[in-house]
Amino acid sequence: MARIKLKQLEIELESVSVFEEPNILLEQYPTTPHIAARMLHTIQSRFHDIDGRTVADLGVGCGVLSIGASLLGCGHCVGIDCDADALDQTRENLEELEVENVDLIQVDLSNPELSPLMESSVDNPPFGTKRSKGIDVVFVQHALKMSRRSVYSLHKSSTRQHFIKKAAEWGVDIEVVAQLRFDLAKTFKCHKQKSVDIEVDLIRFSHRKK
Amino acid sequence: MKLLTHNMLTSNIIKGVKNGYPLKISASDVQLIDVDFNPEFITRMIPKINWKVLHEAAQSLGHANDLPAELNAEYEADQEFLKKTHHVLLEVEVQEGDLICPETERKFPISHGIPNMLLKEEEI
């Protein structure tokens, strides 16, 4: 059970302000309230990985997943990003919505170091198409290092086989929890079409019980 | 930055630093905020956190809140103790100051509550 209904969660997340000027190199596509609410609600109702847990949010962006995790009752959330503008925006959102249990850290994922006090990680990483190929894999690897239970992450469906192979390499379980359609509204000038629908997987990576 | 977050941060990302833990805190602005008390969460966190590090950090900020330096084995039934721990872990917020690497003295500035752990290329 989740402590607030899906619909209510989506409505609350609609009040989260998004980037004024997204950074194309960092692939800052905001997670829409619609997607964030569904993702988090599923994580809580199916896997009980948010309520009362410590949650990390890698690539926090504007904070929509962290704020959603807080609304679903997480005990503590740490939002991580390398971008100061994104963190400032998230801080304002947290203040605006009076969210008190989210901490933010500015750190580059090429060198993170947090002891694994976190239990779950809910992430919308870059797809790894702009800044550097493979950044999506790096995000998941770091999230797995930081989280004792499981990592939830959004990836292009076209990379599914790649992640299945990687999960086997890392010795973790993998499950495609849902397939979603991401409506990338014309966020960046380089997007020629008005809006592009792409297929995205919500993937759950979980550590095997020893 | 809350002390629960401080409890997990290290500076061993710096080249040559072995443990980098715990980071010292030098604070110029600490604020106390209200966070809902969730006794189950606190009870579950206590065995996971480094108690000594939490206690020392709280003491260095002047907010140890009478917490014992050693963890009492029967804390689960002790509501008063759980409340105090909750306060120290989640309600003491370092707004401005520095985190300091215990091995190199490298400072990581905390501004508006956000520690900046970014390193220069030559430090990695």
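Residues numbered from 1 in each chain as written. Chains lettered and ligands numbered in written order. Predicted model: local features only at pLDDT ≥ 70, side-chain atom pairs only at ≥ 80, totals over all residues. Heavy atoms only, no water.

Draft legend 1. Local environment of the packing of aromatic side chains. Using the criterion set out here, one finds 5 aromatic pairs over all chains in the structure. Ring centres of Phe163 of chain A and Phe205 of chain A lie 5.8 Å apart, and the angle between their planes is 65°; this geometry places the pair in the edge-to-face category. Here Phe163 of chain A, found in helix H6 (residues 160-170), pairs with Phe205 of chain A, found in strand S7 (residues 195-207); they are 42 residues apart in sequence, far enough to count as distant. Here Phe163 of chain A matches Phe205 of chain A in class, with each residue buried. Ring centres 6.1 Å apart and planes at 45° place the aromatic pair Tyr75 of chain B and Phe81 of chain B in the tilted group. (Phe/Tyr/Trp six-rings, centres within 6.5 Å; stacked < 30°, edge-to-face > 60°. Helix = DSSP H or I, 4+ residues; strand = E, 2+ residues; numbered from the N terminus. Buried < 20%, exposed > 50% of the residue type's maximum accessible area, 1.4 Å probe, protein only.)

Draft legend 2. Main features of the nonpolar core. Membership of the largest hydrophobic core comes to 60 residues, with the highest contact counts inside it found for Leu58 and Phe205 of chain A together with Leu3, Ile25 and Leu99 of chain B. The dominant element in this core, judged by the number of residues it contributes, is helix H5 (residues 135-146) of chain A, at 7 residues. Ranked by size, the runner-up nonpolar core spans 37 residues in total, among them Ala36, Ile67, Cys77 and Val99 of chain A. (Core = buried A, V, L, I, M, F, W, Y, C linked by side-chain atoms within 4.5 Å.)

Draft legend 3. Representation of helix H4 (residues 79-91) of chain B within the structure. Between its terminal C-alpha atoms H4 of chain B stretches 17 Å, which fits the 18 Å expected from 13 residues at 1.5 Å a residue. Those residues of H4 of chain B that fall on the buried side of the exposure criterion are Phe81, Leu82, Thr85, His86, His87, Val88, Leu89, Leu90 and Glu91 of chain B. Buried residues along H4 of chain B sit in contact with strand S2 (76-81) of chain A together with helix H1 (3-6), strand S1 (24-32), helix H2 (39-45), helix H3 (51-60) and strand S2 (92-100) of chain B. (Expected span 1.5 Å × (residues − 1). Contact = heavy atoms within 4.5 Å.)

Draft legend 4. How the structure looks around the confidence of the model for chain A. Of the residues in chain A, 84% reach a pLDDT of 70 or more, and the chain-wide mean stands at 87. Across chain A, H6 of chain A holds the top mean pLDDT of 97, while strand S6 (residues 172-185) of chain A sits lowest at 87. (pLDDT = per-residue confidence, 0-100.)

Draft legend 5. Up close: helix H3 (residues 64-71) of chain A. All names here are of chain A. Within H3, 7 of the 8 residues are buried, leaving the element largely enclosed by the surrounding structure. Inspection of H3 places Val64, Leu65, Ser66, Ile67, Gly68, Ala69 and Ser70 among the buried residues, and these make up the whole buried set. Of the residues flanking the end of H3, it is Gly73, one or two places downstream, whose phi is positive at about 90°.

Draft legend 6. Looking closely at the environment of Pro116 of chain A. Residues and elements named next belong to chain A. Mapped onto the elements, Pro116 comes out in the loop between strand S3 (102-106) and strand S4 (118-123). We classify Pro116 as partly exposed; its relative accessible area is 46%. Apart from the residues lying within four places of it in its own chain, the contact partners of Pro116 are Lys145, Met146 and Arg148.

Draft legend 7. Structural context of the side chain of Arg204 of chain A. All names here are of chain A. Considering the arrangement of structural elements, one finds Arg204 in strand S7. Accessibility expressed as a relative area gives 14% for Arg204, which makes it buried. In terms of polar contacts, Arg204 uses its side chain to reach the side chain of Asp49, at 3.3 Å. Engagement of the side chain of Arg204 in a polar contact is seen with the side chain of Tyr152, the distance being 2.8 Å. (Polar contact = N/O pair within 3.5 Å; in protein donor to acceptor, adjacent residues only side chain to side chain.)

Draft legend 8. Structural detail: the pairing of S4 of chain A. Residue and element names in this part refer to chain A. Counting buried positions over the 6 residues of S4 gives 6, a clear majority of the element. Where strand S1 (residues 54-58) lies against S4, 2 bridges are found, and the strand directions are parallel. For Ala56, the partnering residue across the bridge sits in S4 and is Ser121. Bridging between S4 and strand S5 (residues 147-156) involves 5 bridges; their strand directions are parallel. Following the sheet pairing, Ser120 is matched in S5 by Ser150. (Pairing = 2+ DSSP bridges.)

Draft legend 9. Seen up close, a negative patch on the surface. Where like charges cluster on the molecular surface, the negative patch consists of Glu92, Glu96, Glu98 and Glu100 of chain A together with Asp34 and Asp36 of chain B. Tracing the backbone shows Glu100 of chain A in the loop between helix H4 (84-96) and S3. For Glu100 of chain A, a relative accessible area of 35% puts it in the partly exposed group. (Patch = residues over 30% accessible without salt bridge, like charges linked within 9 Å, V, L, I, M, F, W, Y side chains within 5 Å. Areas by Shrake-Rupley, 256 points an atom, 1.4 Å probe, with all protein chains shown as cover. Salt bridge = Lys/Arg side-chain N within 4 Å of Asp/Glu carboxyl O. Lys, Arg positive; Asp, Glu negative; His and termini not counted. Charge placed at Lys NZ, Arg CZ, Asp CG, Glu CD.)

Draft legend 10. Inspection of the sheet that holds strand S4 (residues 114-115) of chain B at higher detail. Residues and elements named next belong to chain B. Taken in spatial order, the 4 strands of this open sheet run S1-S2-S3-S4, and their pairing is antiparallel. Two strands close off the open sheet at either side, each with one partner strand: S1 and S4. Where S1 and S2 come together, 8 bridges link them in antiparallel fashion. Paired with Leu32 across the bridge in S2 is Val92. Of the strands in this sheet, S1 and S2 touch H4, which is tilted by about 55° from S2. (Axes fitted to C-alpha atoms, helices over the stretch in contact; angles between N-to-C directions.)

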